[in-house]
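As a plain string of letters, each chain reads:
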Amino acid sequence: MSMHKCGLFYTTYAREDGLFPSKFQKTCLALFFAVLLACPQFLDSYVMSILNLILIAVIGAVSLNLLTGVCGQMSLGHGAFVGVGAYGAAVLSNLGIPFFLALLGGGAVAAMIGMVFGIPSLRLKGIYLAISTLAAQLILEYVFLHAGSLTGGANGLPVDAPEIMGYSFDTDSKIFYLILLVTVLCVLVVTNVIRTRPGRAFVAIRDYHQSAENVGVNLFAFKLQAFGLSSFLAGIAGGLWAHYTMYITPEQFSMGLSISYLAMIIIGGMGSVLGSIFGAIFITLLPEMLNLLTTSLGGIAPDLSAIIVPMKEGVFGLMLVLFLIFEPEGLARKWRLTKAYWKLFPFAY
Amino acid sequence: MEYYLQLIINGLVVGSIYSLVALGFVIIFKATKVVNFAQGELVMVGAYVCFSLTVQYQLPFLVSFLLTLVFSIALAILVERLILRPLIGEPIISVIMVTIGLSSMLKSFVQMTWGTQIQVFPPILPQEPYILLGLPIAPVYVAAFGLSLLLFGVFTLFFKYSSLGIAMRATAFDQQAAQSMGIGIKSIFALSWCIAAVVSSIGGIILGNINGINAQLGHLGLKVFPAVILGGLDSLLGAALGGLIIGVLENICEGAAKDLFGLGGFKEVASFAILVIILMIKPYGLFGTKEIERV
């Protein structure tokens, strides 16, 4: 991390390696979590539901960023891998398997499927890989729709709210703590994987695969690991989603979902964990903002509500294009610049 | 047997439209190395504009056809100027995502303007089917097939003999060398987008005449990927053959799946299953240029 305060001196190597080396960072983080944990006391269930969706999106975005931003393997099929996890976890928990085991099981199934579709990545790069993951997306969507006995087909699959030791997480506020816990774990996993040996191998593969191979990185093994880990976390996101919404249908895991995860990491910042979080917040809030805008403008322009649904997609596309043209490194860079600005304030140098 | 023959003929017709859309895709990729995920939306916009001019403004079909082509050229220049040009030299994921963003914008524009219901083109060609090999074939199918053959002929000659076509091929081969020989790369880029938009619009109008148009027409853009990958991303002949082969194969797979296993909607996924197999065996397609990397 290159955003430390100046005047920070380390006395041990362990401290320099720490995730949050300064006291200030730790305090900020603690305050942030304190506010987050207090949220359910003050916010109504609508706002809590948005918060829950953001947290689930954070897992999806962080896991895709590990694959695409860190390892350089573009995937247009991430939404389908989330779907595999959702269906896996839902089927397992409908069989009576405890929540956490079902969640892990869903993740494991997603990891397996993700690795199968990751095999072509050894021969394919760039656009070809993007198209082969697009194929994965469409094939998996077809399976969700047509494996009726397992997935319920077009009718969807009902799932029970998660229950641990007889305690049922059946309201938005109760399940919030559960989702928050899993999200924090997933984000920590990704942050730490990037700091370790496989993470550096991923970065080497992204930057130039042939040099990576020359310095002894086993391309096939590491690419498969990237696909596996990323899909595992995507599966966890899907499992949480299934248990949270309590009803899953194939349309939820369509191409559009894959594209919004890609949009999250692009708008947030490729290869940055913090960026994935920003992106997830931004993309989840975007339609809510538009809803707010239309209801507040309802009196002035009543026709607006008729075109709001197609307008959402257009605004989404516009945001994507504007970010790619004007801020290709995303919100993470904006955040860095803002922090640098305040570090020197009121001096500009 | 007759059942499969009918499937093959339908496949050839749909395939010829895939070929047209694939042609646009390949022309953009050849000249600019941009993978255009908004190809299907260009098809949709063309179809809707032509529909709007013929039905809502009551213009004769030929006039609205030509006006649609003018509109697509204007749209293509706008898109190239505003969206693609700032991204020259950016990594491939950015370029892919910008065309995905563009496709969302076009889709939303169409739905906001024309709604989402199916619209039906007024019949332009006679309705009585021709009889070929004892099978009825609607004239619009024959026209679709003929028109795409014609366009392929024109573009093959264009790339082979006209100086502009040669300039485009030179740009595709080596941008820097072409530029130093006095070729205006930027106008070549704009031109390739124009051609792509025009052929897509024509595809959209034909398709609108066959099936009617709705907001799902943009989905056709995805169907083009198997076709171009099979043919090779940068080969015109490949686009033509790839489109036809995928059209026929997916129809046969659909028919066979329904006939033998009672599975519906297999068409949607058959071409992508074929795509994965092609990518595994021959990643650069039948006629694509193989990129060789050495250290």
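This text goes with the structure placed above it.
Read on for a plain summary of the structure. Small disclaimer: the values here were computed from a predicted structure and weren't measured.

1. Brief notes about the nonpolar core
- Residues Leu-76, Leu-134, Ile-248 and Phe-253 of chain A together with Phe-37 and Met-97 of chain B are the most contacted members of the largest nonpolar core, which totals 188 residues.
- The greatest single-element share of this core, amounting to 15 residues, is contributed by helix α3 (residues 45-70) of chain A.
- With sequence-adjacent residues up to four places away left out, Leu-134 of chain A is seen in contact with Leu-76 and Met-255 of chain A together with Phe-37, Leu-222, Phe-225 and Phe-272 of chain B.

2. What about the pattern of salt bridges?
- The tally for this structure, following the rule as stated, stands at 8 salt bridges over all chains.
- The residue Lys-174 of chain A makes a salt bridge to Asp-170 of chain A at a minimum N-O spacing of 3.3 Å.
- Since its relative accessible area comes to 30%, Lys-174 of chain A is described here as partly exposed.
- With a relative accessible area of 46%, Asp-170 of chain A lands in the partly exposed category.
- For Glu-80 of chain B, the salt bridge identified is with Arg-85 of chain B, shortest N-O distance 3.0 Å. The exposure classification of Glu-80 of chain B matches that of Arg-85 of chain B, with both residues buried.

3. Considering the environment of Gly-221 of chain B
- Mapped onto the secondary structure, Gly-221 of chain B falls in helix α9 (residues 220-231).
- Taking the C-alpha atoms as reference points, Gly-221 of chain B and Thr-116 of chain B, separated by 105 residues in sequence, lie 18 Å from one another.

4. So, the packing of aromatic side chains
All names here are of chain A.
- Evaluated as defined, the whole model comprises 19 aromatic pairs over all chains.
- Ring geometry for Tyr-341 versus Trp-342: centroids 5.6 Å apart, planes at 85°, classification edge-to-face.
- Since its relative accessible area comes to 53%, Trp-342 is described here as exposed.
- Through pairs of rings, three or more aromatic residues link up here, namely Tyr-87, Phe-144, Trp-241 and Phe-253.

5. Points about the interface of chain A and chain B
- Each side of the interface is counted separately: chain A has 42 residues, and chain B has 43 residues.
- Summing both partners gives a buried area of about 3700 Å² for chain A against chain B, and 79% of it is carried by carbon and sulfur.
- Viewed at the interface, chain B and chain A are joined by 1 salt bridge.
- Across the salt bridge formed by Glu-313 of chain A and Lys-107 of chain B, the nearest N and O atoms sit 3.4 Å from each other.
- For the pair chain A and chain B, the interface holds 3 residue pairs in polar contact (both at pLDDT 80 or more).
- Among the elements that make up the side of chain A that touches chain B, the one with the highest residue count is helix α6 (residues 126-146) of chain A (12 residues).

6. Things to note about the packing of α6 of chain A against helix α11 (residues 267-281) of chain B
- Two elements in contact, α6 of chain A and α11 of chain B, have axes whose closest approach is 9 Å; the angle formed by their N-to-C orientations is 140°. It follows from the interaxial angle that α6 of chain A and α11 of chain B lie oblique. Where α6 of chain A crosses over α11 of chain B, the two elements pack in a sense that is left-handed. In this structure, α6 of chain A contributes Tyr-128, Ile-131, Ser-132, Leu-134, Ala-135, Leu-138, Ile-139 and Tyr-142 of chain A to the contact, and α11 of chain B contributes Val-269, Phe-272, Ala-273, Leu-275, Val-276 and Leu-279 of chain B.

About the thresholds
- Residues numbered from 1 in each chain as written.
- Chains lettered and ligands numbered in written order.
- Predicted model: local features only at pLDDT ≥ 70, side-chain atom pairs only at ≥ 80, totals over all residues.
- Heavy atoms only, no water.
- Core = buried A, V, L, I, M, F, W, Y, C linked by side-chain atoms within 4.5 Å.
- Buried < 20%, exposed > 50% of the residue type's maximum accessible area, 1.4 Å probe, protein only.
- Helix = DSSP H or I, 4+ residues; strand = E, 2+ residues; numbered from the N terminus.
- Contact = heavy atoms within 4.5 Å.
- Salt bridge = Lys/Arg side-chain N within 4 Å of Asp/Glu carboxyl O.
- Phe/Tyr/Trp six-rings, centres within 6.5 Å; stacked < 30°, edge-to-face > 60°.
- Buried area = accessible area lost by both parts, 1.4 Å probe.
- Polar contact = N/O pair within 3.5 Å; in protein donor to acceptor, adjacent residues only side chain to side chain.
- Axes fitted to C-alpha atoms, helices over the stretch in contact; angles between N-to-C directions.
- Parallel < 35°, antiparallel > 145°, perpendicular 65-115°, else oblique.
- Left-handed = near helix turned anticlockwise from the far one by under 90°.

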